[in-house]
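One letter stands for each residue in the lines below.
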Amino acid sequence: FATASTYDMIVHKIEFMNKHFPMINENRIMCVCEKEILNCDILIDDCYTNFKGNNYKLGIIISQPWNRNINLNGTNIQRVETFAEVLKLVHQFKGVIQ
C-alpha cells in the first residue's frame, strides 16, 4: 500500500487501513508522492494525476468530487464508488492473472 500522505498524516492512513483492510500489515505501508515510480498490477487512487505513466495493468479510481468530471474512455482505469467495488474488481483481475 502506497500513500502520498505526509508523514504527520500517516497515522490516520494506518487507522483507515486497519479498519478497512486489516489483512494488510501496517509495516507494508509506504509514503511515495510520485506513484509513477511504482510498478504494480493494480493502482487504486482517488487522484487522476497519479495514473500518469504506464506502470500498472489496471487502474481503479475511487470517485470523489475532484475527479467526477474526468473522462476515462480509452483508458485502463475503472471508476468505483465503494470499497466493495474495489474488492470486486481486484478479485476479477486476480482471476485473469492466475
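Since the model is a prediction, treat every value here as computed from it, not as a measurement.

A word on the state of the cysteines
Item 1. Considering all chains together, one arrives at 0 disulfides under this definition.
Item 2. Here Cys-33 is not disulfide-linked; the sulfur of Cys-31 is the nearest cysteine sulfur, at 7.6 Å.
Item 3. Free cysteine Cys-47: the closest other cysteine sulfur is in Cys-33, separated by 11 Å.
Item 4. Note on Cys-47: relative accessible area 27%, which makes it partly exposed.

A short note on the side chain of Ser-5
Item 1. Among the secondary structure elements, Ser-5 is positioned in the loop between β1 (2–3) and α1 (10–20).
Item 2. Ser-5 sits in the buried class, given a relative accessible area of 16%.
Item 3. In this structure the side chain of Ser-5 is engaged in a polar contact, spanning 2.8 Å, whose partner is the side chain of Thr-3.
Item 4. Here the side chain of Ser-5 touches Lys-13 through a polar contact of 3.4 Å, side chain to side chain.

So, the nonpolar core
Item 1. Grouped together as the largest cluster of nonpolar side chains are 7 residues: Leu-58, Ile-60, Ile-62, Val-80, Val-86, Leu-89 and Phe-93.
Item 2. Those residues within four positions of Leu-58 in sequence are excluded, and the remaining contacts are Asp-41, Ile-42, Leu-43, Asn-76, Gln-78, Leu-89 and Phe-93.
Item 3. With 6 residues, the next largest nonpolar core counts Phe-51, Ile-61, Leu-72 and Ile-77 among its residues.

Focus: the packing of aromatic side chains
Any aromatic ring pair is given by two values, namely how distant the centres are and how the planes are angled relative to each other.
Item 1. Per the counting criterion, the structure on display carries 3 aromatic pairs.
Item 2. The interplanar angle of 55° and the centroid separation of 5.4 Å between the aromatic rings of Phe-16 and Phe-83 together place this pair among those described as tilted. Of the two residues, Phe-16 sits in helix α1 while Phe-83 sits in helix α2 (residues 83–97), which places them 67 residues apart along the sequence.
Item 3. With relative accessibility at 30%, the residue Phe-16 sits in the partly exposed group.
Item 4. Judged by centre distance (5.7 Å) and plane angle (85°), the rings of Phe-21 and Phe-83 are edge-to-face. Of this pair, Phe-21 sits in the loop between α1 and β2 (30–31) while Phe-83 sits in helix α2, and the two are 62 residues apart along the sequence.
Item 5. For Phe-21, a relative accessible area of 14% translates into the label buried.

Overview of the environment of Met-17
Item 1. Tracing the chain through its elements places Met-17 in helix α1.
Item 2. Look at Met-17 and you get buried, because its relative accessible area is 1%.
Item 3. The spatial distance from the C-alpha of Met-17 to the C-alpha of Phe-1 is 9.1 Å, given a sequence separation of 16 residues.
Item 4. Those residues in contact with Met-17, other than ones at most four positions away along the chain, are Phe-1, Pro-22, Ile-24 and Ile-29.

The rules behind the values
Residues numbered from 1 in each chain as written. Predicted model: local features only at pLDDT ≥ 70, side-chain atom pairs only at ≥ 80, totals over all residues. Heavy atoms only, no water. Disulfide = S-S within 2.5 Å. Buried < 20%, exposed > 50% of the residue type's maximum accessible area, 1.4 Å probe, protein only. Helix = DSSP H or I, 4+ residues; strand = E, 2+ residues; numbered from the N terminus. Polar contact = N/O pair within 3.5 Å; in protein donor to acceptor, adjacent residues only side chain to side chain. Core = buried A, V, L, I, M, F, W, Y, C linked by side-chain atoms within 4.5 Å. Contact = heavy atoms within 4.5 Å. Phe/Tyr/Trp six-rings, centres within 6.5 Å; stacked < 30°, edge-to-face > 60°.

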